[in-house]
Amino acid sequence: MTTSAQAPVAAPDSPGAPRGLRNALAALAGLLSAAVALGFAELTAALVGPASSPVIAVGDAVITLTPEPVKEFAIRNFGENDKIVLVAGTLVVIAVYALLLGLVALRSRPLGILGIALFGFVGALAAFTRPAGSLLDVLPSIVGAGAGILALLALLVPLTAPSGAAAAPARHGREAPAAGSADPAHADERMVERLREILGSGDRKGAALDRRRFFLTGGVALGVAAVAGGGGRLLQRRFDVAEARADLSLPKPASAAAALPRGADLSGEIDGLTPLFTDNREFYRVDTAISVPQIRPSDYKLSLTGMFDSPRSYTLPELFERDDVIERDITITCVSNEVGGQLAGTARWIGIPLGAFLRENGVQSGSDQLACRDVNGMTIGAPTRSALDVEDAMLAFGMNGEPLPVEHGFPVRMLIPGLYGYVSACKWLTGIEATTFDAFDAYWVERDWAAEGPIKVASRIDTPAPLREFPAGRRAIAGVAWAQTRGIAKVEVRVDEEDWAEAELSPEVDADVWRQWVLPYDFPAGRHSITVRATSADGEEQVEARATPFPSGSTGWHSIQVVAA
C-alpha cells in the first residue's frame, strides 16, 4: 500500500542553530534587560528624587572612592566635562556587565537573576550611603532590578524554546502525554517541564531558537525601557527650580561695589585677553555633584549649629531682608587649577557679610573651623579666622546681577576671598557648624588636601595662543594675574633668553580681583618661548618651581611656545 509523504512541521529554528547566534542574542538580552532596569529606576527616581537614580548614586560613590590623582587627571583632561565622562563610563561598565550577564543567564537562570539582583544591591547601597541618603532612596534600584529580572527571563524563553523532539520527552518508557490530556499527572509533568525551561540550564542540546519571538520580545523591552526612562527623566523636571529662580528678585545692596576705574577692562582692545568679568555661562564649575541640587527658595533653610551662643536657622527671605546686604567684585580660584589653567573667574557677587553674620550669632572663640554642609551632605571646612577677618567674605545669593545660577550654588553659597574654593566656597549651603579642625575633617581634608588652602600668587598668558602661528612683527603679549586679598603689584614677561620686562597693568579694581596685564613686543620670525611671573602687593613673588595642585595648589611660572612667520 502506497502512502503519500507528509511534509514535516518545522520548528521555529532547528535545534542545531549556531551557538554563536544564540550567544549573541543572549548577550543582547542582557543589554536590553539592563535598559529596562535603568528605565524603571529612572521612573521611580521621578517619585523619590533625581539623586536616588542608581546611575547618579553609583557615580557619586565612584567620585568619593576615586583616588585624588585620578580625580586630578579627570579635571585636567576633561575639565567641566568630567561628570559627563564619568556618567558615560558608568553606563559603559553597566553595558559590558549586562552583556556578560546575558551569556551567564543563558546557561543558568539563577545566576542571571543573582547578577541583576547584585546590580540592584550596588545601586541601593550607593544611594543609601550618600551623606544625605535615606531608606527611600533605595527604591529606584530595587524596582529597577525587579523589572530587569522579569525582562531577562522573558527574553531568554525564545532562545531556549523546546524543539519538536524535546517538547514531549518519554518518561520511564511511556509516551509523552497528548496536549489535550486531562490526566493530572500529565499536567504536573508539563508544569515541571515548563519550570525547568524557565529556571534551568537553557543552552542544552535539543533547545530550539525562536528568533522571531525573540526580536518581538526585544522590541517590546526596548520600547518599555525608552518609555519608562524617558518618562522618568521628563517627570524629574518637577524638581527643577529654574522657574522659581527666575521669579526671585535680589535685594538692593546697602553697600554697592566700587565704581570701576577708567580702563579697568582691556579685553575690548586686545584680542584673546580674558575679560575682567566672567559671564555666568562661562564661569568654571568644579564640584562633586553629578546631579545638580535643586532647592526651592520657599524650602530653603540655613542652620547654624555647634559652637554658637545663639544657634538658629534662617530662611531665604530672612537673609534677603537684612539691612547689611553687600555687593563685591571677587575673583575665585579652584585648587585644581594647573599653571596657566582656566579654573578661575571673576564675578560681581551680592550677599551678606559673613563675619558680621557669625558674630551676630555668637560664634565662640574656641572654634577654628566652620564645617559647611550642602543639601547633599557634602562638607567644606573653612577657617573660622578667615571667615571673620576677611573683609569681603560673604554668604552670596547673587552673581553678576542675577540670582546664583543653579549649578553655582543656588540659592546660597559661601565665598571667602584669598582661599581656594575647596575650603571656602561651599555651594547649595544649608548648614554651618562651628567646630574645630581637631574635631572634624571635611571631605577634602579626609582625602589629604591641606586644611586651610590660601591662594598662591598666579599669572597666566592668554595671548598669543600657544603653538599658533602669527605674522612676525609687533604684537601684544597679555594675560591676567591674581593674588586675592593682597592684590598684584607687578607682572614681568620674558621672551626667549632676554631680560625680564615689566608689563603694563590695568587699573586695580580691588585687591580681591585679578588684574589684566599687557606687554607689546616685536617678534622676529621663528619659534619663541614666553614666560610670565607676578609679584603681589605685599612683595610675595610667584613661585618658580613647578608643583601639581595636590595637596595645596599648583605653583610655577606659566610658559608657552609660539611661532612667528
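Figured I'd write up the structure that's included with this text. (Residues numbered from 1 in each chain as written. Predicted model: local features only at pLDDT ≥ 70, side-chain atom pairs only at ≥ 80, totals over all residues. Heavy atoms only, no water.)

**Overview of the overall build of the protein**
Consideration 1: A tally of helices and strands in the protein yields 13 helices and 21 strands.
Consideration 2: Every one of the 565 residues in the protein was classed for burial, and the buried ones make up 51%.
Consideration 3: Pairs at least 24 apart in sequence give 76% of the contacts found in the protein among residues at least 6 apart.
Consideration 4: As displayed, the protein offers around 26,300 Å² of accessible surface, 58% of which is attributable to carbon and sulfur atoms. (Helix = DSSP H or I, 4+ residues; strand = E, 2+ residues; numbered from the N terminus. Buried < 20%, exposed > 50% of the residue type's maximum accessible area, 1.4 Å probe, protein only. Contact = heavy atoms within 4.5 Å. Areas by Shrake-Rupley, 256 points an atom, 1.4 Å probe, with all protein chains shown as cover.)

**With respect to the sheet that holds strand S18 (residues 504–505)**
Consideration 1: With antiparallel pairing, the 4 strands of this open sheet are ordered in space as S13-S15-S19-S18. For this open sheet the edge positions go to strand S13 (458–463) and S18, each flanked by a neighbour on one side alone.
Consideration 2: Here S18 pairs with strand S19 (residues 515–523) via 2 bridges, running antiparallel. Across the sheet, Leu505 pairs through a bridge with Trp517, a residue of S19. (Pairing = 2+ DSSP bridges.)

**Section: the environment of Glu72**
Consideration 1: With respect to the helices and strands, Glu72 occurs in helix H3 (residues 68–78).
Consideration 2: Glu72 sits in the buried class, given a relative accessible area of 7%.
Consideration 3: Each C-alpha atom of the pair Glu72 and Ser336 lies 6.8 Å from the other, and the pair is 264 residues apart in sequence.

**Some words on the pairing of strand S7 (residues 369–374)**
Consideration 1: The buried fraction of S7 amounts to 5 of the 6 residues, a majority that puts the element mostly inside the structure.
Consideration 2: Where S7 and strand S8 (residues 379–383) come together, 5 bridges link them in antiparallel fashion. In the sheet register, Ala371 faces S8, and the bridge partner there is Gly381.
Consideration 3: The hairpin turn running from S7 into S8, its antiparallel successor, is 4 residues long, and Gly377 in that turn takes a positive phi close to 90°.

**Some thoughts on the pattern of salt bridges**
Consideration 1: Taken as a whole and assessed by the stated rule, the structure comprises 21 salt bridges.
Consideration 2: Between Lys83 and Asp82 there is a salt bridge whose closest N-O contact spans 3.7 Å. By the burial criterion, Lys83 is buried, and Asp82 matches it. (Salt bridge = Lys/Arg side-chain N within 4 Å of Asp/Glu carboxyl O.)

**Digging into the nonpolar core**
Consideration 1: Counting 57 residues, the largest nonpolar core has Leu395, Met414, Ile416, Leu429 and Ile432 as the members making the most contacts within it.
Consideration 2: The residues touching Ile432, leaving out its near neighbours within four places in the chain, are Leu302, Ser303, Leu304, Thr305, Phe308, Leu370, Ala371, Leu395 and Met414. (Core = buried A, V, L, I, M, F, W, Y, C linked by side-chain atoms within 4.5 Å.)

**What to know about the sheet that holds strand S12 (residues 429–435)**
Consideration 1: The sheet built from 5 strands is open, its strands ordered S4-S3-S12-S7-S8 with mixed pairing. Lying at the two open borders of the sheet, with one neighbouring strand each, are strand S4 (313–315) and S8. Geometrically, the sheet is characterised by an average inter-axis angle of 20° between neighbouring strands, direction not taken into account. (Axes fitted to C-alpha atoms, helices over the stretch in contact; angles between N-to-C directions.)

**Focus: a nonpolar patch on the surface**
Consideration 1: Judged by side-chain polarity, Tyr97, Leu118, Phe121, Val122 and Leu125 come together as a nonpolar surface patch covering roughly 450 Å² of accessible area.
Consideration 2: At 4 residues, helix H5 (residues 109–128) tops the list of elements feeding residues into the nonpolar patch.
Consideration 3: Within the fold, Leu125 resides in helix H5.
Consideration 4: Overall, Leu125 belongs to the partly exposed group, its relative accessible area being 43%. (Patch = residues over 30% accessible without salt bridge, like charges linked within 9 Å, V, L, I, M, F, W, Y side chains within 5 Å.)

**Points about the packing of aromatic side chains**
Consideration 1: The final tally for this structure, using the stated rule, is 13 aromatic pairs.
Consideration 2: When the ring of Trp444 is compared with that of Trp449, the centres are 6.3 Å apart and the planes differ by 80°; the resulting orientation is edge-to-face. When sorted by exposure, Trp444 lands in the same class as Trp449, which is buried.
Consideration 3: Arranged with centres 5.1 Å apart and planes meeting at 75°, the rings of Phe470 and Phe523 form a pair that is edge-to-face. You can see Phe470 sitting in strand S14 (residues 469–470) and its partner Phe523 sitting in strand S19, a full 53 residues away along the chain.
Consideration 4: Under the relative-accessibility criterion, Phe470 is labelled buried at 6%.
Consideration 5: One Lys or Arg, Arg312, reaches over the ring of Tyr314 and ends 3.8 Å from the middle of that ring.
Consideration 6: Positioned over the ring face of Trp500 is Arg533, at 4.0 Å from the centre of the ring. (Phe/Tyr/Trp six-rings, centres within 6.5 Å; stacked < 30°, edge-to-face > 60°. Lys NZ or Arg CZ within 6 Å of the ring centre and 35° of its normal.)

**Structural notes on unusual backbone geometry**
Consideration 1: Cis geometry marks the peptide bond from Thr463 to Pro464; its omega dihedral reads 5°.
Consideration 2: Take Pro464: it is sitting in the loop between S13 and S14.
Consideration 3: The amide bond that connects Phe550 to the next residue, Pro551, takes the cis arrangement and shows omega of 10°.
Consideration 4: For Pro551, the location among the structural elements is in the loop between strand S20 (526–536) and strand S21 (558–564).
Consideration 5: For Thr485, which is not glycine, the phi torsion reads 75° and is therefore positive.
Consideration 6: Tracing the sequence through the fold places Thr485 in the loop between strand S15 (473–482) and strand S16 (488–495).
Consideration 7: Residues other than glycine seldom take positive phi values, yet Asp496 does so here, at roughly 55°.

**A few points about the pairing of S16**
Consideration 1: Across 7 bridges, S16 lies against S20 in antiparallel orientation. The residue bridging Ile488 from the neighbouring strand is Ser536, located in S20.
Consideration 2: In this sheet, strand S17 (residues 501–502) lies alongside S16 in antiparallel orientation, the contact comprising 2 bridges. Opposite Val493, over in S17, you have Ala501 as the bridge partner.
Consideration 3: Counting the residues between successive antiparallel strands, the hairpin from S16 to S17 contains 5 residues, one of them, Asp496, with a positive phi of roughly 55°.

**A look at the environment of Val104**
Consideration 1: With respect to the element layout, Val104 can be found in helix H4 (residues 82–107).
Consideration 2: Its relative accessible area of 36% is what places Val104 among the partly exposed residues.
Consideration 3: When the C-alpha atoms of Val104 and Gly30 are compared, they prove to be 9.2 Å apart, with 74 residues separating the residues in sequence.

Treat this as a map of the structure, not an account of what it does.
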